[in-house]
Amino acid sequence: MLAVQRRDAIAQRIRAEGRVLVTELAAELAITQETVRRDLDALEEAGIARRVHGGAVSAERVSLVESAVDDRVAQNASGKRRIADLAATRLVALGATSLVVDAGTTTAAFAEALVQRWPQHVGARLVVATHAPAVADILSRHPAIEVHVIGGRLRQLTGAAVGAQTLLAIQAMSPDVVVLGTNGLDAAGLTTPDPEEAAVKAAIVASGRRVACLADGSKIGASTLCRFATLGDLDVVVTDARPDAVLAAAFEDAGTEVHVA
């Protein structure tokens, strides 16, 4: 196979799967790992890929661009519902009585699932704080869920409150569980494009006794501008995509539970 044909095949694989590993490509294409690295370097120069530890990801998954929350609702909706259902089921079984829920489309799906699964009787009171009005609106439909809306400057793009007021409110909390969304999840941790949202997410992580991240397959292997948590900060990740070997090893090293819906 000519180099140009080989690189075209690798580019197609990156576009289809979002991520490739040097070791896997070398074995599948019967070439050396050094040749794979040169091919990935060439694809990075062409703007097709971004080199990461152990391989490369699609350049489209490494971005400062944020999609509006309304645009993201329909993206992988079935996967987000499966994640939400599994996370809500596990939370009810855990018996937590206080939560902080992050903004995002997957966390909004989690709120919907929680409203369906949380017991209706008075003794099953659950206190939930969130800086996302849309999430608060969903949770307020349940008679046994007490909702606290965290204030701040509302980012219309994501529907999340940010800023000093938001940070102070979160830093004063110590919930049983925090439920996070993320724009990117790789072996180095969690990322989001906006610095103010990253600061809020970092505060949410620091506040919780137990930290759960909900991330559909489009977030796995992606990386954006601002890192707000490492894998070691997470107790649980719920996703709809099985992690590749590199990320699975990173989860194991960090002691993070992974559940695939």
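Residues numbered from 1 in each chain as written. Predicted model: local features only at pLDDT ≥ 70, side-chain atom pairs only at ≥ 80, totals over all residues. Heavy atoms only, no water.

## With respect to the packing of helix H1 (residues 3-17) against helix H2 (residues 22-29)
For step 1, the next point in the chain: The interhelical angle for the contact between H1 and H2, taken along N-to-C directions, is 130°, at an axis separation of 12 Å. Taken together, H1 and H2 sit at an angle that is classed as oblique. Between H1 and H2 lies a crossing of right-handed hand. In this structure, H1 contributes Arg6, Ile10 and Arg13 to the contact, and H2 contributes Glu24, Leu25, Glu28 and Leu29. (Axes fitted to C-alpha atoms, helices over the stretch in contact; angles between N-to-C directions. Helix = DSSP H or I, 4+ residues; strand = E, 2+ residues; numbered from the N terminus. Parallel < 35°, antiparallel > 145°, perpendicular 65-115°, else oblique. Left-handed = near helix turned anticlockwise from the far one by under 90°. Contact = heavy atoms within 4.5 Å.)

## Here we look at the sheet that holds strand E12 (residues 210-215)
For step 1, the next point in the chain: Taken together, seven strands build an open sheet; the order of strands is E6-E5-E4-E9-E12-E14-E15 and the sheet is parallel. Among the strands making up the open sheet, the edge pair consists of strand E6 (145-149) and strand E15 (257-260). The mean angle between the axes of side-by-side strands here comes to 20°, regardless of whether they run parallel or antiparallel.
For step 2, the next point in the chain: Two strands pair when backbone bridges link them, and strand E4 (residues 98-101) and strand E9 (residues 177-180) are joined in this way by three bridges, in the parallel orientation. Residue pairing across strands places Leu99 opposite Val177, the latter belonging to E9.
For step 3, the next point in the chain: Each of E4, strand E5 (126-130), E6, E9 and E12 touches helix H6 (residues 105-117); the most contacted strand, E4, lies at about 145° to it.
For step 4, the next point in the chain: Against the sheet, helix H9 (residues 195-207) engages E4, E9 and E12, with an angle of about 150° to E9. (Pairing = 2+ DSSP bridges.)

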